[in-house]
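# Observations on chain architecture
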Amino acid sequence: MNKDKKRLFFNPHGTARAESLAGVPLASFGQRLARLHHRHLSRRYHLRPAMAGLRHFFEDTLHLKEEIYQSAHMSVRLDFHRTTEMVWIV
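Everything numeric here is computed off the predicted structure, so don't read it as measured data. (Residues numbered from 1 in each chain as written. Predicted model: local features only at pLDDT ≥ 70, side-chain atom pairs only at ≥ 80, totals over all residues. Heavy atoms only, no water.)

Within the protein chain one finds 3 helices and 2 strands. Each helix and strand of the protein chain, placed in order from N terminus to C terminus, yields the pattern α-α-β-β-α. Put simply, the protein chain has 90 residues, and 8% of those count as buried. When contacts within the protein chain are restricted to residue pairs at least 6 apart in sequence, long-range pairs at least 24 apart make up 28% of them. (Helix = DSSP H or I, 4+ residues; strand = E, 2+ residues; numbered from the N terminus. Buried < 20%, exposed > 50% of the residue type's maximum accessible area, 1.4 Å probe, protein only. Contact = heavy atoms within 4.5 Å.)

Right, here's the structure in full:
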């Protein structure tokens, strides 16, 4: 392949799905960067209210605070950040 020319169209190799996309123009770097930025912002502004809802559920509905149980021998704490990570994974 000539190094001076850039590939601007999709070049399939393999499946029927890839063959159906042959010749479709690819997105430019700017378009991909704009889409990445849009995804980042949409996740950020959707995640914040969801996290607030989870915090409300844990603290107000289930009455779970950071310090759940404290004694001389043992301390049980709720790590909200890790708990919400587990909820998002599930």
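Read on for the rest.
Here we come to the packing of helix 2 (residues 29-61) against helix 3 (residues 80-89). Look at helix 2 against helix 3: their axes get within 11 Å of each other, and the N-to-C directions meet at 110°. When the axes of helix 2 and helix 3 are compared, the pair comes out roughly perpendicular. Handedness of the crossing formed by helix 2 with helix 3: right-handed. Contacts between helix 2 and helix 3 pair Leu-47, Ala-50, Met-51, Leu-54, Arg-55 and Phe-58 from the former with Phe-80, Thr-83, Thr-84, Val-87 and Trp-88 from the latter. Grouping the amino acids of the contact of helix 2 with helix 3 by side-chain chemistry returns 8 nonpolar, 2 polar and 1 charged. (Axes fitted to C-alpha atoms, helices over the stretch in contact; angles between N-to-C directions. Parallel < 35°, antiparallel > 145°, perpendicular 65-115°, else oblique. Left-handed = near helix turned anticlockwise from the far one by under 90°. Nonpolar A, V, L, I, M, F, W, Y, C, P; charged D, E, K, R; others polar.)

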